[in-house]
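Coordinate inspection notes
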Amino acid sequence: VKGGFDSFMDKEIHDQPQAVADTLLGRTDELGRLKLDELRIDETILRSIDKIIVVACGTAAYAGHVAKYAVEHWCRIPVEVELAHEFRYRDPVVNEKTLVVAISQSGETMDTIMAVRHAREQGSKVLAVVNTYGSTIARESDAVLYTHAGPEVAVASTKAFIAQITATYLLGLYLAQLRGNKYIDEVADYLTELGRIPGKIEEVLARQEQVREVARAMKDTTSVLFLGRHVGFPVALEGALKLKELAYIHAEGFAAGELKHGPIALIEEGQPVFVVVPTPRRPTLHAKVISNIQEIRARGARTLVIAEDGDDDVTPFADVVFRYPPTPTLMTPLVSVVPLQIFAGELARAKGYDVDQPRNLAKSVTVE
Ligand code: M6R
């Protein structure tokens, strides 16, 4: 069942190229236009929505945070991302012009189910992005865009995250196409880039031994920080969550720009800090992250940098560099998260923990 891997998590990390390919499969017509037949929400409604609210928990919420950057950029619709349990118990401004997108691997997370019910009661249309066919969230929503990641068994979500980003990107491009924010050829270019992602994840996986070695050498570490900017920020949050839940180590993710507003006080000699660096082809964004690495390095941090191939600007300030192949900024989470997943899993294994069944956690949280 584990396909020759030591754990389901390992198998599922290796399933990721397929998860992206399968989520893309069959969603374009013969002219290369996106067609999402399963979006059974009237096109007039989809054209008229003036806000999207993503509701989700844990890793699925981080996928929503990534999607926000892309969907706002492509569609010019404001996107809010809210933890489902917070959404449910406040008084959110939602109405028939709001599209609520519920993201869930299991489709059975009670917090998210309650948020879906609440949104529908307020007159919003709810679109589910779920992995499990026929699950409660799929049944209770107005429409479902399935992620085709295949069954995810390990408690720590990996391939579902990658598939959720892929599916929400399809949704964003579809809305952009429908609302005329992007023309067919631009949408086709982004789809081509998404189509290249499976091969790029393979390339990152081919370099995993470097990550594993570093993780094993860090098995006695008690605290790890993660920094990112733009789409690298939710990737940092996800890297920290993986490490907490699998290796039971204090781990925190920050927006790199937030450092000087507080977190930099945590940096002391030898503090390990992962930094997710964007492509140097976005010079302004890139330069900001490089200067953040310099700031923490100057205060003694041990920097573990995730950077694009050929990005030499990081080298003078990095203790370790994990590389990913050149990827457009919005697509980088799909490759840059992979070393963080491998790192967390390997460190947990080195500590002798069960990576598929971390303590105190269930695969799907069916109580509020
Ligand atoms: O099944 P769901 O996607 O709704 O689950 C949401 C979270 O419980 C889940 O992503 C959780 O955070 C994972 N264990 C993280 O690895």
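Everything here concerns the structure above.
Computed from a predicted model, the values in this text were never measured in an experiment.

On to the side chain of Ser124, then. Mapped onto the elements, Ser124 comes out in the loop between helix H6 (110–121) and strand S4 (125–130). For Ser124, the side chain forms a polar contact with the main-chain oxygen of Asn95, separated by 3.1 Å. Setting aside chain neighbours within four positions, we find Ser124 in contact with Val94, Asn95, Glu96, Thr98, Val100, Ala119 and Asp142.

Bringing the sheet that holds strand S7 (residues 250–255) into the picture now. Pairing between the strands of a sheet is mediated by backbone hydrogen bonds and can be parallel or antiparallel. The strand order across the open sheet built from five strands is S7-S6-S8-S9-S10, with neighbouring strands paired in parallel fashion. The outermost strands of the open sheet, each flanked by one partner alone, are S7 and strand S10 (320–324). Adjacent strand axes in the sheet meet at a mean angle of 20° when their direction is disregarded. Taken together, the five bridges between strand S8 (residues 272–276) and strand S9 (residues 302–308) define a ladder with parallel strand orientation. Across the sheet, residue Pro272 finds its bridge partner in S9, namely Arg302. Packing against the sheet, helix H11 (residues 232–247) makes contact with strand S6 (223–228), S7 and S8, and its axis sits at approximately 175° to S7. Against the sheet, helix H12 (residues 283–298) touches S6, S8 and S9, its axis set at about 175° to S8.

What follows concerns H6. Here H6 spans 16 Å end to end across 12 residues, near enough to the 16 Å set by a 1.5 Å rise per residue. Of all the positions in H6, only Asp111, Thr112, Ile113, Met114, Ala115, Val116, His118 and Ala119 are classed as buried. Along its buried surface, H6 packs onto strand S1 (51–56), helix H5 (84–88), strand S3 (98–104), S4 and helix H7 (136–140). Just downstream of H6 lies Gly123, where phi reads positive at about 95°.

Turning to the sheet that holds S3, a few remarks are in order. The strand order S2-S1-S3-S4-S5 describes an open sheet built from five strands, whose pairing is parallel. Bordering the open sheet on either side are strand S2 (79–83) and strand S5 (143–146), each of which pairs with just one other strand. Ignoring which end each strand starts from, the neighbouring axes of this sheet average 25° apart. Of the strand pairs in this sheet, S1 and S3 are connected by five bridges, and their pairing is parallel. Looking across to S3, one finds that Val54 is bridged to Val101. Contacts between helix H8 (residues 159–179) and the sheet are confined to S1, S3, S4 and S5, with S3 contributing the most and set at about 160° to the helix.

The subject of this paragraph is the environment of Gly32. Along the chain, Gly32 falls in the loop between helix H2 (16–24) and helix H3 (43–48). Judged by relative accessible area, which is 25%, Gly32 ranks as partly exposed. With 214 residues separating them in the primary sequence, Gly32 and Leu246 have C-alpha atoms 41 Å apart.

Quick look at the pairing of S8 now. Burial runs high along S8: five of the five residues are buried. The alternating pattern of S8 places Pro272, Phe274 and Val276 on one face and Val273 and Val275 on the opposite face, and all of these are buried. Between S8 and its parallel partner S9, the chain crosses via H12, and the hand of that crossover is right-handed.

For the rest of this paragraph, the subject is the site of the ligand. Taken together, 14 residues form the shell around the ligand, and within it Ser104, Gln105, Ser106, Thr109 and Glu245 come nearest. Within the contact set of the ligand, an oxygen atom lies 2.7 Å away from a side-chain nitrogen or oxygen of Ser106. A distance of 2.8 Å is found between an oxygen atom of the ligand and a backbone nitrogen or oxygen belonging to Ser157. Coverage of the ligand by the protein amounts to 91% of the 420 Å² it exposes when considered alone.

Ile52, Tyr169 and Leu243 are the most contacted members of the largest nonpolar core, which has 91 residues in total. Looking at this core element by element, the count peaks at 12 residues for H8. With residues near it in sequence (within four places) discarded, Leu243 still touches Val224, Phe226, Tyr248, Ile249, Ala251, Phe343, Ala344 and Leu347. One finds Leu225, Ile293, Ile296 and Ala301 within the second-largest nonpolar core, a separate group that totals 20 residues.

Another aspect to go through is the pairing of S5. Working note: regular strand, side chains alternate between the two faces of the sheet. On S5, burial covers both faces: Ala143 and Leu145 on one face and Val144 and Tyr146 on the other are all buried. With four bridges joining them, S4 and S5 adopt parallel strand pairing. Residue Val129 lies in a different strand from S5, and its bridge partner there is Leu145.

Parameters and conventions
Residues numbered from 1 in each chain as written. Predicted model: local features only at pLDDT ≥ 70, side-chain atom pairs only at ≥ 80, totals over all residues. Heavy atoms only, no water. Helix = DSSP H or I, 4+ residues; strand = E, 2+ residues; numbered from the N terminus. Polar contact = N/O pair within 3.5 Å; in protein donor to acceptor, adjacent residues only side chain to side chain. Contact = heavy atoms within 4.5 Å. Pairing = 2+ DSSP bridges. Axes fitted to C-alpha atoms, helices over the stretch in contact; angles between N-to-C directions. Expected span 1.5 Å × (residues − 1). Buried < 20%, exposed > 50% of the residue type's maximum accessible area, 1.4 Å probe, protein only. Right-handed = clockwise from strand over helix to strand, strands pointing away. Near = heavy atom within 4 Å. Areas by Shrake-Rupley, 256 points an atom, 1.4 Å probe, with all protein chains shown as cover. Core = buried A, V, L, I, M, F, W, Y, C linked by side-chain atoms within 4.5 Å.

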